[in-house]
Amino acid sequence: MGGRDAFEAHDHYSHRHGARHSRRIRLPHLWPDPKTAKGIADYISLITDIFLRLIKMIIAPLVFSTLVVGVAHMGDTKAVGRIGAKAMAWFVAHHWCRCSPA
């Protein structure tokens, strides 16, 4: 059985066992139309934007308060200066390595 005969045999098999009909079933009630899907995506986008803005709003005060509390608990001004200078050196070195042309 080759060529057209093989296709017809397969077609007959799939028709007999319902495989052909199962491919034709459409479930439009499960999938919204593109306009509705766009509206749903806009609402979800709004929620995610609000969440990300809240996270960004929390990060700066959290970092600042952590630094202030850390410096306040150190007590020794010389130690604060040494650590501040080391942190600034690391920051400048990192920035210089990242921005230098390859």
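Residues numbered from 1 in each chain as written. Predicted model: local features only at pLDDT ≥ 70, side-chain atom pairs only at ≥ 80, totals over all residues. Heavy atoms only, no water.

This next bit is on the overall build of the chain. Along its length, the chain carries four helices and zero strands. Each helix and strand of the chain, ordered N terminal to C terminal, gives the series α-α-α-α. For the chain, with 102 residues in total, the buried portion stands at 2%. About 9800 Å² of surface is accessible on the chain, with carbon and sulfur atoms providing 70% of the total. (Helix = DSSP H or I, 4+ residues; strand = E, 2+ residues; numbered from the N terminus. Buried < 20%, exposed > 50% of the residue type's maximum accessible area, 1.4 Å probe, protein only. Areas by Shrake-Rupley, 256 points an atom, 1.4 Å probe, with all protein chains shown as cover.)

What follows deals with the pattern of salt bridges. Any two side chains of opposite charge can pair if their charged atoms end up close together. Per the counting criterion, the structure on display carries one salt bridge. Residue D42 pairs with K38 through a salt bridge whose shortest N-O separation is 3.1 Å. Taken together, the positions of D42 and K38, both in helix α3 (residues 34-74) and four residues apart, correspond to about one turn of that helix. What makes K38 exposed here is its relative accessible area of 51%. (Salt bridge = Lys/Arg side-chain N within 4 Å of Asp/Glu carboxyl O.)

The share of residues in the chain with pLDDT of 70 or more is 69%, and the mean pLDDT across the chain is 77. Per-residue pLDDT, averaged within each element of the chain, yields its smallest value for helix α1 (residues 4-16) (50) and its largest for α3 (90). Note that pLDDT drops below 50 for residues 5-11; the model gives that stretch three contacts with residues more than four away or on any other chain. (pLDDT = per-residue confidence, 0-100. Contact = heavy atoms within 4.5 Å.)

The next thing to look at is a nonpolar patch on the surface. There is a patch of nonpolar side chains on the surface, built from L46, I50, L54, M57, I58 and L62 and spanning about 610 Å² of accessible area. Mapped onto the secondary structure, L46 falls in helix α3. (Patch = residues over 30% accessible without salt bridge, like charges linked within 9 Å, V, L, I, M, F, W, Y side chains within 5 Å.)

End to end, α3 covers 59 Å across 41 residues, agreeing with the expected 60 Å (1.5 Å per residue, within 8%). Just downstream of α3 lies G75, where phi reads positive at about 80°. (Expected span 1.5 Å × (residues − 1).)

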